[in-house]
Amino acid sequence: MPSSSPAAPPRARPFQQVDVFTAEAGLGNPLAVVVDGDGLSNAQMQRFAGWTNLSETTFLLPPTTPEADYRVRIFTPGGELPFAGHPTLGSCHAWRASGGTPRRPGLVVQECGAGLVRIRQTGDRPAFAAPPLRRRDPAPSVLAQVARALGLKPQEIRGAQLLDNGPVWLGLQLDSAHTVLALAPDHARLKQLGVKVGVVHVDPQPAPGAHALLVRAFAAPIGVPEDPVTGSLNASLAQWLIAEGAVPRAYLASQGECLGRAGRIFVEQDDDGTTWVGGDVAPCIQGTVLL
């Protein structure tokens, strides 16, 4: 029998690691970015994402549509995502830091599994336009099982929606910041249920400059028990809660406190209904990786 062709030897590829939703490295959500992912197989990308053991690792590729500036594939340790927020901001930062020039000044267009995502580049803080949101009431049986896995009492849940902007989250609005911070989920049970859960408390009268939302994200089904700071979840929470009148059209959210982080998410909704989710990006590592 003829032998199969040997695998291509690894080559040096430009690599960056950045910290997203923070201006100070070490306080946000880290992201590994392989700036040149051309020629890598799905298995190679997944294996490297598992090796970095970060919540997401991305691979930049040439776009397949003339509208886009670049294409990105987003992997967690457990699989590929069609869209995610902190990888969008971090990948855009890495692309620009590597010499990428957008076709349109002040606006980068990213191609990903969920389609085209706009990233506004005005000022020092980039912001992505939240993808369209689909939401619905969760099945009562699912809500009850998730509540038990989180250790929540029914009266502690003020609102619940299934939120889908590419990733699907069960969003739960809780009664207090204490309830959010005190959660000790049964991650194994959440993985069995196959449900990613985002919990939020809304401060109706935050002090000037303070956060209005306190957020936590549990994603055991994709290999991330608790995510430090989550752009896709914050985008869908914003679209849900602004539509319900629970928060103003511009506010600050925080996430990551229980993991020793201090993520800050800046949300603003335009008059046309576009919801922009912004955050600082701190560079951490730059070099090459053999893949």
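The notes below deal with the structure included here. (Residues numbered from 1 in each chain as written. Predicted model: local features only at pLDDT ≥ 70, side-chain atom pairs only at ≥ 80, totals over all residues. Heavy atoms only, no water.)

**Details of the overall build of the chain**
For step 1, the next point in the chain: Across its full length, the chain carries six helices and 18 strands.
For step 2, the next point in the chain: The C-alpha radius of gyration computed for the chain amounts to 19 Å, which stays within 12% of the reference 19 Å derived for 291 residues, consistent with globular compactness.
For step 3, the next point in the chain: Overall, the chain is about 65 × 50 × 30 Å in size when its C-alpha atoms are taken along their principal axes.
For step 4, the next point in the chain: The contacts in the chain between residues at least 6 apart in sequence include a share of 63% that link residues at least 24 apart.
For step 5, the next point in the chain: Roughly 13,000 Å² of accessible area belongs to the chain as shown, and the carbon and sulfur atoms make up 52% of that amount.
For step 6, the next point in the chain: Side-chain charges of the chain comprise 24 positive and 25 negative groups, with the mean position of each set lying 5 Å from the other. (Helix = DSSP H or I, 4+ residues; strand = E, 2+ residues; numbered from the N terminus. Rg over C-alpha atoms; globule rule 2.2 N^0.38 Å. Contact = heavy atoms within 4.5 Å. Areas by Shrake-Rupley, 256 points an atom, 1.4 Å probe, with all protein chains shown as cover. Lys, Arg positive; Asp, Glu negative; His and termini not counted. Charge placed at Lys NZ, Arg CZ, Asp CG, Glu CD.)

**Structural notes on helix α6 (residues 231-243)**
For step 1, the next point in the chain: Its 13 residues place the ends of α6 18 Å apart at the C-alpha level, agreeing with the 18 Å of an ideal helix rising 1.5 Å per residue.
For step 2, the next point in the chain: The buried count for α6 comes to twelve of 13 residues, which makes it a mostly enclosed element.
For step 3, the next point in the chain: Where α6 terminates, the next one or two residues include G245, which has phi positive at roughly 75 degrees. (Expected span 1.5 Å × (residues − 1). Buried < 20%, exposed > 50% of the residue type's maximum accessible area, 1.4 Å probe, protein only.)

**Overview of the layout of surface pockets**
For step 1, the next point in the chain: By volume, the largest pocket amounts to about 200 Å³.
For step 2, the next point in the chain: Along its surface, the largest pocket is lined by A8, P9, P10, R11, R13, G39, L40, Q44, R47, L290 and L291.
For step 3, the next point in the chain: Residue classes in the lining of the largest pocket are distributed as six nonpolar, two polar and three charged. (1 Å grid on protein atoms, 1.4 Å probe; cavity = no way out; pocket = protein on both sides within 12 Å on 5 of 7 lines; lining within 4 Å. Points joined across faces, edges and corners; volume = space filled by probe spheres on them. Nonpolar A, V, L, I, M, F, W, Y, C, P; charged D, E, K, R; others polar.)

**Section: empty space enclosed by the protein**
For step 1, the next point in the chain: Scanning the entire structure with this criterion turns up one cavity of 30 Å³ or more.
For step 2, the next point in the chain: In terms of lining, the largest cavity is formed by 18 residues, of which the most central are E56, W169, D227, T230 and S232.
For step 3, the next point in the chain: Residue assignment for the lining of the largest cavity shows that the elements contributing at least two residues are α2 (85-97), β14 (224-227) and α6.
For step 4, the next point in the chain: No other element matches the three residues that α2 contributes to the lining of the largest cavity.

**Considerations on the pattern of salt bridges**
For step 1, the next point in the chain: Per the counting criterion, the structure on display carries ten salt bridges.
For step 2, the next point in the chain: E244 serves as the salt-bridge partner of R135, at 3.1 Å between the closest nitrogen and oxygen. One end of the pair, R135, is in strand β9 (residues 134-136); the other, E244, is in the loop between α6 and β15 (250-255), and 109 residues separate them in sequence.
For step 3, the next point in the chain: Note that R216 and E226 form a salt bridge whose closest N and O atoms lie 2.9 Å from each other. Note that R216 is positioned in strand β13 (residues 213-219) and E226 in strand β14, a separation of ten residues in sequence. (Salt bridge = Lys/Arg side-chain N within 4 Å of Asp/Glu carboxyl O.)

**Description of the nonpolar core**
For step 1, the next point in the chain: Counting 49 residues, the largest nonpolar core has Y70, F128, L213, L237, L241 and Y251 as the members making the most contacts within it.
For step 2, the next point in the chain: Per element, the largest residue contribution to this core is seven residues, and it comes from α6.
For step 3, the next point in the chain: Of all hydrophobic cores here, the second largest spans 19 residues; its members include V180, L183, L190 and V199. (Core = buried A, V, L, I, M, F, W, Y, C linked by side-chain atoms within 4.5 Å.)

**Regarding the pairing of strand β6 (residues 107-112)**
Within a regular strand, the side chains alternate between the two sheet faces.
For step 1, the next point in the chain: Of all six residues that make up β6, six are buried, and the element is covered over most of its length.
For step 2, the next point in the chain: In this structure, strand β4 (residues 70-76) lies alongside β6, joined through two bridges in parallel fashion. The residue of β6 that forms the bridge with Y70 is Q110.
For step 3, the next point in the chain: Where β6 meets strand β7 (residues 115-120), six bridges bridge the pair, whose relative direction is antiparallel. Of the residues in β7, the one forming a bridge with Q110 is V117. (Pairing = 2+ DSSP bridges.)

**Some points on the pairing of strand β2 (residues 29-34)**
For step 1, the next point in the chain: In terms of burial, β2 is largely enclosed, as six of its six residues are buried.
For step 2, the next point in the chain: Here β2 shows no split at all, with N29, L31 and V33 on one side and P30, A32 and V34 on the other all buried.
For step 3, the next point in the chain: Judged from the six bridges that link them, strand β1 (residues 12-20) and β2 form a sheet pairing that is antiparallel. When the bridges of β2 are listed, D19 appears paired with P30.

**Description of the side chain of E156**
For step 1, the next point in the chain: Position of E156 among the secondary structure elements: in the loop between α3 (140-150) and β10 (157-164).
For step 2, the next point in the chain: Although E156 lies buried, it forms no salt bridge, and the closest oppositely charged side chain, K153, sits 4.4 Å away as judged by the N-O distance.
For step 3, the next point in the chain: If we skip the residues at most four places from it in the chain, E156 touches G151, Q173, L174, D175 and T179.

**Digging into the environment of S141**
For step 1, the next point in the chain: Its location among the elements puts S141 in helix α3.
For step 2, the next point in the chain: Judged by its relative accessible area of 47%, S141 is partly exposed.
For step 3, the next point in the chain: Once the C-alpha coordinates of S141 and P62 are considered, the two residues, 79 residues apart in sequence, prove to be 44 Å apart.

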